[in-house]
Amino acid sequence: MRAIWKGSVSFGLVNVPVKLYSATESHDVSFRQVHAKDGGRIKYQRICSIDGEEVPYADIAKGYETEDGEMVILTDDDLAELPSTSSREIAVEKFVPSDQIDPMLFEKSYYLEPEKTGAKPYALLRQALVEADRMAVVTVALRQRTSVAVLRVRSTDNGDVIVLQTMMWPDEIRTPDFSVEAGEVKDAEVKMAKMLVETLAGDFDATEFEDDYAEAVEALVTAKIEGGEVKRTATSTKSSGEVVDLLAALQRSVDAAKTARGEKPDDEDAKDEKDAKPAKKAAAKKSAKKPVKKTAAKKKAS
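Sequence order as written defines residue numbering, which begins from 1 separately in each chain. Reporting of local features is limited, given that this is a predicted model, to residues whose pLDDT is at least 70; pairs of side-chain atoms are given and counted only at 80 or more, and all residues count toward the totals for whole chains, interfaces and linings. The basis for the side-chain values is all heavy atoms of the structure; hydrogens and waters are excluded.

Student: Help me out: how do you make sense of a nonpolar patch on the surface in this one?
Tutor: Patch criteria: residues need more than 30% relative accessible area and no salt bridge. Like-charged residues are merged within 9 Å; nonpolar side chains of Val, Leu, Ile, Met, Phe, Trp and Tyr are merged within 5 Å. With residues, only the protein chains shown are counted as cover, and all accessible areas are computed by Shrake-Rupley using a 1.4 Å probe. In what follows, salt bridge is the name for a side-chain nitrogen of Lys or Arg lying within 4 Å of a carboxyl oxygen of Asp or Glu. On the surface, a nonpolar cluster with roughly 330 Å² of combined accessible area is contributed by Val 29, Phe 31 and Tyr 213. A run of H or I in DSSP becomes a helix once it reaches four residues, and a run of E becomes a strand once it reaches two; helices and strands are each numbered from the N terminus. Secondary-structure assignment places Phe 31 in the loop between β2 (14-22) and β3 (62-65). Overall, Phe 31 belongs to the exposed group, its relative accessible area being 58%. The rule is simple: take the accessible area with a 1.4 Å probe, protein chains only, and divide by the maximum for that residue type; under 20% is buried, over 50% is exposed, in between is partly exposed.

As structure tokens, then:
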């Protein structure tokens, strides 16, 4: 794991230097959009909806669309004036009971690891959170934007660790626009439902559940590869069972970059040099046939 942020947890007069690590990673199966005929990847161009022309990255700006469809263009100078912070502090605002925070507010999870000098205050904060059964509500600046988050303790195979979980703002939680009218529920029906709940009661173990979809996709792809159902494309890493020459691929990239700068690619330079070799060889041969003039010293010696 690699730290993505360094700072300190501040509560009262205590500061705990920490490192931040992403606590989750996605294992979703991803597909590419390709041409069904030959397996070529589908590319998208940055086309302006007004003039129909392709727009280079240098000419792309950020825009805010109003409710009536008008567009407000924001420049880099405009964005620079927006409130931002680069603080390296996780400031504890208050400690609240764990059951007061709706899990729907939780967004992204991070592990906090103490620096060597902060191991003891880290352990004290961790123990205090566990024994008080509370979470610390904090403010933290990540990617130059201040977010509200909580600190809580999570048990792992390597012991208890403090986890920082960023939270969504209250107005980002939607209110359902429907209600459920089930009519009268009889006592006997409730009793049977409770019996069913007791029958299926148990402790949660995440390892009991598997991603069947991902496994099925992997098996399907493996079967197609073994059956030879593979499309060879220009970007394939294998061709006739042999790995494409990496050096050749790099050379093509260098040549393309030189062409874009208006310079001659290396293969053209090599061609020019090859064409020049016969001329050089002929010139050298001609030079060798010329009689060597005797120097004054040689004449005197003879």
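Student: I tried to follow helix α4 (residues 212-226) on my own but got confused; where do I start?
Tutor: Because an α-helix packs 3.6 residues into every turn, residues spaced three or four apart end up facing the same way. Multiply 1.5 Å by the residue count of a helix minus one, and that product is the helix's expected span. Between the first and last C-alpha of α4 there are 21 Å, a value that for 15 residues agrees with the 21 Å anticipated at 1.5 Å per step. Gly 228 sits one or two positions beyond α4 and adopts a positive phi of about 80°.

Student: How should I be thinking about the sheet that holds strand β9 (residues 159-167) in this particular structure?
Tutor: Remark on secondary structure: sheet strands pair via backbone hydrogen bonds, oriented parallel or antiparallel. In this description, strands pair whenever DSSP reports at least two bridges between them. Pairing in this closed barrel of 7 strands is mixed, and the strands run β1-β2-β6-β9-β8-β7-β5 around the ring. Direction aside, neighbouring strands of the sheet carry axes that sit 40° apart on average. Every axis corresponds to a line fitted to the C-alpha atoms, with the helix fit spanning only the stretch in contact, and the corresponding angles, defined between N-to-C directions, vary from 0 to 180 degrees.

Student: Hey, could you run me through the packing of aromatic side chains in this one?
Tutor: In this description, a pair of aromatic rings is defined by centroid distance and the angle of the planes. Stacked, edge-to-face and tilted are the three classes for Phe, Tyr and Trp ring pairs, Trp counted by its six-membered ring, which pair at centre distances within 6.5 Å; planes under 30 degrees apart are stacked, over 60 edge-to-face, the rest tilted. Applying the stated rule across the entire model yields 1 aromatic pair. A centroid spacing of 6.1 Å and a plane angle of 25° characterise the contact between Phe 204 and Phe 209, whose relative ring orientation is stacked. Each member of the pair, Phe 204 together with Phe 209, is exposed. In this scheme, Lys NZ or Arg CZ marks a charge over a ring once it lies within 6 Å of the ring centre and within 35 degrees of the ring normal. Above the plane of the ring of Tyr 57 lies Arg 46, whose end atom (NZ or CZ) is 3.9 Å from the centre.

Student: Looking at this model, I keep getting lost on the side chain of Gln 165. Mind explaining?
Tutor: With respect to the element layout, Gln 165 can be found in strand β9. Taking relative accessible area as the criterion, Gln 165 reaches 8% and is therefore assigned buried. In protein, a polar contact means a hydrogen-donor-capable atom and an acceptor-capable atom, both N or O and within 3.5 Å, with residues adjacent in sequence counting only if both atoms are side-chain atoms; elsewhere, any N or O pair within 3.5 Å suffices. A polar side-chain atom of Gln 165 sits 3.1 Å from a polar atom in the side chain of Ser 109. At 2.5 Å, the side chain of Gln 165 and the side chain of Arg 152 are in polar contact. In contact with Gln 165, not counting residues within four places along its chain, are Phe 106, Lys 108, Ser 109, Ala 149, Val 150 and Arg 152. Any pair of residues with heavy atoms lying within 4.5 Å of one another is described as a contacting pair.

Student: For this particular structure, what's the right way to read the nonpolar core?
Tutor: Where a protein is soluble and globular, its nonpolar side chains tend to be buried together. Core analysis: the largest hydrophobic core is formed by 25 residues, its most contacted members being Val 9, Ile 90, Leu 112, Val 138, Leu 151 and Leu 164. Taken together, the elements giving at least two residues each to this core come down to β1 (5-11), β2, β5 (89-97), β6 (106-114), α2 (119-132), β7 (134-142), β8 (145-156) and β9. Apart from residues lying up to four places away in sequence, Ile 90 is in contact with Trp 5, Ser 8, Val 9, Ser 10, Val 18, Leu 112, Val 138, Thr 139, Val 140 and Leu 164. Take the buried Ala, Val, Leu, Ile, Met, Phe, Trp, Tyr and Cys residues and link them wherever side-chain atoms come within 4.5 Å; each set so joined is a nonpolar core. Val 96, Ile 101, Leu 105 and Val 150 belong to the second-largest nonpolar core, a separate cluster that totals 7 residues.

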